[in-house]
Amino acid sequence: MAVSGLLAMTIPPLVFHGAKAMAFLPKAMAVNHAATEIMYQMTEGSFSTLAGQPMVQGLRFALRRSSSAPALWLAADDCVGFRASGGQDVLIWWDSSTETMRRRVSPAACPMACPAPSAGSEALPYEALGSVRVLQIPAATSVFRYYNQSGVAVGAPGCSLGGITSIRRIDVGFVAQSGSGQFDSAQAQQTMTSSVAIRVP
Amino acid sequence: MRRDRTRGLTLVELVIAIALAGLLGVPIGMLVSEQLRSAIQARDHSVAMNLARAEMERLDSLNNFCHADLNVTGLSPPALVGYWPGYDLTRIVTCAAGNCASQSPGVCHPPTNTRNGLKRVDLRVTRTGSGELAASLTTYRTKYVLFGS
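Conventions adopted
Every chain is numbered on its own, with residues counted from 1 as its sequence reads. Think of it this way: whatever chain is written first is A, whatever ligand is written first is 1, and the rest follow in order. For this predicted model, a pLDDT threshold of at least 70 governs which residues receive local features, and a threshold of 80 or more governs which side-chain atom pairs are given and counted, while totals over whole chains, interfaces and linings are taken from all residues. The basis for every side-chain value is the complete set of non-hydrogen atoms in the structure, without hydrogens or water. For the purposes of this entry, the term helix denotes a DSSP run of H or I that reaches at least four residues, the term strand denotes a run of E that reaches at least two, and both are numbered from the N terminus. When we talk radius of gyration, it's over C-alpha atoms, and the globule rule is simply 2.2 Å times the number of residues to the 0.38. Exposure classes here rest on a 1.4 Å probe applied to the protein chains alone. A residue is buried below 20% of its type maximum, exposed above 50%, and partly exposed in between. Contacts are residue-level and defined by heavy atoms, with any inter-residue pair within 4.5 Å sufficient. Here, Shrake-Rupley sampling with a 1.4 Å probe gives the accessible areas, and only protein chains in the shown set may cover a residue. Here a cavity means grid points, on a 1 Å grid over the protein atoms only, where a 1.4 Å probe fits yet cannot get out; a pocket means an open set of points with protein on both sides within 12 Å along at least five of seven lines; lining residues are those with an atom within 4 Å of a point. Grid points are joined across faces, edges and corners, and a volume is the space filled by probe spheres set on the points. Charged residues are taken to be Asp, Glu, Lys and Arg, nonpolar residues to be Ala, Val, Leu, Ile, Met, Phe, Trp, Tyr, Cys and Pro, and polar residues to be all remaining types, Gly included. We call Phe, Tyr and Trp rings a pair once their centres come within 6.5 Å, taking the six-membered ring for Trp, and we label the pair stacked below 30 degrees between planes, edge-to-face above 60, and tilted otherwise. Throughout, the accessible surface (probe 1.4 Å) given up by two parts as they are put together, summed over both, is called the buried area. By definition, a salt bridge exists where a carboxyl oxygen of Asp or Glu is found within 4 Å of a side-chain nitrogen of Lys or Arg. Identification of polar contacts relies on pairs of N or O atoms within 3.5 Å, with a donor-acceptor requirement for protein atoms, meaning one able to donate a hydrogen and the other able to accept it, and with residues adjacent in sequence counted only if both atoms are side-chain atoms. Paired strands, as defined in this entry, are two strands with at least two bridges between them according to DSSP. Take the buried residues of types Ala, Val, Leu, Ile, Met, Phe, Trp, Tyr and Cys, join any two whose side-chain atoms come within 4.5 Å, and each joined set is a nonpolar core. Our working definition of a disulfide is a cysteine sulfur pair at a distance within 2.5 Å.

Honestly, the overall build of chain A in this entry has me stumped. Any pointers?
Looking only at helices and strands, chain A features two helices and twelve strands. Counted from the first residue to the last, chain A has its helices and strands arranged as α-β-β-β-β-β-β-β-β-β-β-α-β-β. For a compact globule of 201 residues, the expected C-alpha radius of gyration is about 17 Å, and chain A comes in at 21 Å, more than 25% above that figure. Dimensions of chain A along its principal axes, counting C-alpha atoms only, are 85 × 40 × 25 Å. Classification of the 201 residues of chain A by burial places 47% in the buried group. Summarising the internal contacts of chain A: among those between residues at least 6 apart in sequence, 57% fall at separations of at least 24. Looking at chain A as shown, the accessible area adds up to about 9100 Å², and 62% of this sits on carbon and sulfur atoms.

What exactly am I supposed to notice about the layout of surface pockets here?
Unoccupied space between atoms shows up once a probe the size of one water molecule is rolled over them. Within this model, the largest pocket holds a volume of roughly 540 Å³. In this structure, the largest pocket is lined by 19 residues; those nearest its centre are Leu14 and Val15 of chain A together with Gly25, Val26 and Gly29 of chain B. For the lining of the largest pocket, the secondary-structure elements that each account for two or more residues are helix 1 (2-43) of chain A together with helix 1 (11-61) of chain B. Class assignment of the residues belonging to the lining of the largest pocket gives a composition of 13 nonpolar, six polar and no charged.

Would you take a moment to explain the packing of aromatic side chains for this structure?
When we look at a pair of aromatic rings, we describe it by the centre distance and by the angle of the planes. Residues and elements named next belong to chain A. If you walk through the whole model with that rule in mind, you get one aromatic pair over all chains. Considering the side-chain rings of phenylalanine 24 and phenylalanine 183, the 4.8 Å spacing of their centres and the 80 degrees angle between planes classify their relative orientation as edge-to-face. Pair noted here: phenylalanine 24 is in helix 1 and phenylalanine 183 is in the loop between strand 11 (169-177) and strand 12 (189-197), with a separation of 159 residues, a long-range link. Judged by its relative accessible area of 12%, phenylalanine 24 is buried. The class for phenylalanine 183 is partly exposed, based on a relative accessible area of 30%.

Just to check I follow, could you spell out the interface of chain B and chain A for this structure?
Interfaces are frequently sized by the accessible area removed from exposure as the parts join. Residue-level contacts link 22 residues of chain B with 29 residues of chain A. Taken over both partners, the interface formed by chain B and chain A buries close to 2100 Å², and the fraction arising from carbon and sulfur atoms is 65%. Where chain B packs against chain A, one counts one salt bridge. At the boundary of chain B and chain A, one finds six residue pairs in polar contact (both at pLDDT 80 or more). With 18 residues, the single largest contributor to the side of chain B that touches chain A is helix 1 of chain B.

Mind showing me how you'd approach the pairing of strand 4 (residues 133-141) of chain B here?
In summary, the side chains of a regular strand alternate between the two faces of the sheet. All names here are of chain B. In terms of strand pairing, strand 3 (residues 118-127) meets strand 4 through eight bridges, oriented antiparallel. Its bridge partner being in strand 4, arginine 124 is matched across the sheet by serine 136. Between strand 3 and strand 4, which pair antiparallel in sequence order, lie five residues; one of them, glycine 129, sits at a positive phi of approximately 95 degrees.

Hey, could you run me through the nonpolar core in this one?
If you look at the biggest cluster of nonpolar residues, it comprises 64 residues, and the most contacted ones within it are Met42, Leu72, Met101, Phe144, Ile170, Val172 and Phe174 of chain A. A total of ten residues in this core trace back to one element, the largest contributor, which is helix 1 of chain B. Aside from chain neighbours lying at most four places away, what touches isoleucine 170 of chain A is Leu59, Leu72, Val80, Phe144, Arg145, Tyr146, Ser194, Ser195, Val196 and Ile198 of chain A. Trp73, Cys79, Leu91 and Trp93 of chain A belong to the second largest nonpolar core, which has eight residues in total.

Even after reading the chapter, I still don't get the state of the cysteines, so can you show me in this structure?
In protein chemistry, a disulfide is the covalent bond that joins the sulfur atoms of two cysteines. Residues and elements named next belong to chain A. Scanning the model with the defined rule gives three disulfides over all chains in all. Across a sulfur-sulfur distance of 1.8 Å, cysteine 79 and cysteine 114 are joined as a disulfide pair. Of this pair, cysteine 79 sits in strand 4 (residues 79-83) while cysteine 114 sits in the loop between strand 6 (100-105) and strand 7 (122-124), placing them 35 residues apart in sequence. On the accessibility criterion, cysteine 114 (36% relative accessible area) is partly exposed. Between the sulfur atoms of cysteine 110 and its disulfide partner cysteine 159 the distance amounts to 1.7 Å. Classification of the bridge connecting cysteine 110 and cysteine 159 rests on its S-S torsion, roughly -80 degrees, and on that basis the disulfide is left-handed. Here cysteine 159 lies in the loop between strand 10 (153-154) and helix 2 (161-165) and cysteine 110 lies in the loop between strand 6 and strand 7, a separation of 49 residues in the sequence.

What exactly am I supposed to notice about unusual backbone geometry here?
Residue and element names in this part refer to chain A. In this model, leucine 124 is joined to proline 125 through a cis peptide bond whose omega is -5 degrees. For proline 125, the location among the structural elements is in the loop between strand 7 and strand 8 (133-135). The phi torsion at glutamate 99 lies on the positive side, around 55 degrees, for a residue other than glycine. On the secondary structure map, glutamate 99 appears in the loop between strand 5 (89-95) and strand 6.

Below, the structure written as structure tokens:
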């Protein structure tokens, strides 16, 4: 009786925890893959499904357009527009309604609605088929944060040429998660942050 | 003779059942545990690597070779504990070549100054508490030239 009682008390929680872990693992891997890819594709670039754009360059390739036009043409809280070294004008933004990071290649235009309409854009990562949600980091109020050459944060200047010209670095941060992101619900969550120096602003 | 259907398990049967369950359960448990550990390690690695990149980009974007964060630290400076929730960062700046003595605060000497030696910058991101190394990056900096790695 004592042995049976002991088994009855210990085995169900172990089995339950094991089952939860089994359900959690594929989600953790999917979230990790998506978070890493989103960050990489924003900062470095990647192949693309956009019409006529087999490749889209990332923020690292932002390059001054001319002596009077800086590399960035839009620097807002949740979207950034830049000219890449290959000549593409790339817009990357966080779409709060679909909880995705999106990008498109379109002529530089400022002011621009942000988030931009999703027509003609693609979600990141471009190969995503899963349902990983992208959210702002709770303690932050934006996905993108901007810094000058002294490393001091500058408020998102939007289209202000003076403000945009002072930007030397962009911090990117977001939370990727499946469902609620809670392990107790067998869901996974990952907070990612990185940074890109704008070398030819 | 009919078997008594109300008879329970004997102790021997119970022990054999527990042993069998253990034989099956232990490897499965170890497998799940190992998979969980791998998933957490993968997450740690990607988060830590991006943190290290963020710090490296921050140092690269500073248009100030005399910035305090680029002063020579020696080989074991204190870690920046709580650099990011769950992660500490250690910035190790050593002199790779030339004269890397600290320059006067607020004064950046011209390129001809002898204190413009080649600095090696190592960044190490570790887990808070355990001190387990999650990512490391290295670069070299001198005043007007950047060597990536």
